[in-house]
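Listed here are the chains, written in short residue letters.
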Amino acid sequence: QVQLVESGGGLVQAGGSLRLSCAASGRTYSPYVMGWFRQAPGKEREFVAAINWRSNTYYADSVKGRFTISRDNAKNTEYLEMKSLKPEDTAIYYCAADFLRDTITYSLTDFDSWGQGTQVTVSS
């Protein structure tokens, strides 16, 4: 059974930085695509960033230039480096993985495995 475990969330002031990590286990091979989504109170879960096994990346416009996604295939781990954080970045951040398709995507439904989420709070 696949398990994704996020870590690194917390409280930070506007303009600050945080680094999220997500470790995948339960499969003998790395996910083709790993991604990050977030969900703010009262809003739908939205795409943040994705990376495939070749380290091609894709970002939501709202985070381009501020967030960087990366992965370590040997450790089955992905990271999200978040800089210049804004109060509107406050949300629960979810790690996602696609073990079936080698196509980088921003669609929530294309990911077959999800973490439990980690809270990121940015104070003004």
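Above this text is the structure in question.
Quantities reported herein were computed from a predicted structural model and do not represent experimental measurements. (Residues numbered from 1 in each chain as written. Predicted model: local features only at pLDDT ≥ 70, side-chain atom pairs only at ≥ 80, totals over all residues. Heavy atoms only, no water.)

Turning to the sheet that holds strand β1 (residues 3-7), a few remarks are in order. If you walk across this open sheet you meet the 4 strands as β1-β3-β8-β7, and the pairing is antiparallel. Among the strands making up the open sheet, the edge pair consists of β1 and β7 (67-72). Neighbouring strand axes in the sheet, compared pairwise and without regard to direction, differ in orientation by 15° on average. (Pairing = 2+ DSSP bridges. Helix = DSSP H or I, 4+ residues; strand = E, 2+ residues; numbered from the N terminus. Axes fitted to C-alpha atoms, helices over the stretch in contact; angles between N-to-C directions.)

Let's shift gears to the pattern of salt bridges. Within this structure, the stated rule accounts for 7 salt bridges. A salt bridge links Asp89 to Arg38; its shortest N-O distance comes to 2.9 Å. One end of the pair, Asp89, is in the loop between β8 (77-82) and β9 (91-98); the other, Arg38, is in strand β4 (residues 33-39), with 51 residues separating them in the sequence. With a relative accessible area of 6%, Arg38 lands in the buried category. A salt bridge links Arg54 to Asp102, with the nearest nitrogen and oxygen atoms 3.1 Å apart. A residue pair is termed long-range when its members are at least 10 positions apart, and Arg54 in the loop between β5 (46-52) and β6 (57-59) and Asp102 in the loop between β9 and β10 (113-114) qualify at 48 residues. (Salt bridge = Lys/Arg side-chain N within 4 Å of Asp/Glu carboxyl O. Buried < 20%, exposed > 50% of the residue type's maximum accessible area, 1.4 Å probe, protein only.)

To continue, consider the packing of aromatic side chains. By the definition in use, this model includes 8 aromatic pairs. Ring geometry for Tyr29 and Phe99: centres 5.7 Å apart, planes at 80°, overall edge-to-face. In this pair, Tyr29 is assigned in the loop between β3 (18-25) and β4 and Phe99 in the loop between β9 and β10, connecting sequence segments 70 residues apart. Centroid distance Phe37 to Phe111: 5.3 Å. Interplanar angle 80°. Geometry classified as edge-to-face. (Phe/Tyr/Trp six-rings, centres within 6.5 Å; stacked < 30°, edge-to-face > 60°.)

Glancing now at the pairing of β3. Sheet topology places β1 next to β3; 5 bridges connect them, and they run antiparallel. What sits directly across from Ser7, in β3, is Ser21. By the bridge criterion, 6 bridges tie β3 to β8 in an arrangement that is antiparallel. If you follow Leu20 over to β8, its bridge partner there is Leu80.

Moving on, we come to the nonpolar core. Judged by nonpolar contacts, the single largest core of 33 residues is most densely connected at Trp36, Val48, Phe67, Leu80, Met82 and Tyr93. Looking at this core, the elements with two or more residues in it are β3, β4, β5, β7, β8, β9 and β11 (118-123). (Core = buried A, V, L, I, M, F, W, Y, C linked by side-chain atoms within 4.5 Å.)

Next up on the list: the environment of Tyr106. On the secondary structure map, Tyr106 appears in the loop between β9 and β10. In this view, Tyr106 contacts Phe37, Phe47 and Tyr58; residues no more than four positions away in its chain are not counted. (Contact = heavy atoms within 4.5 Å.)

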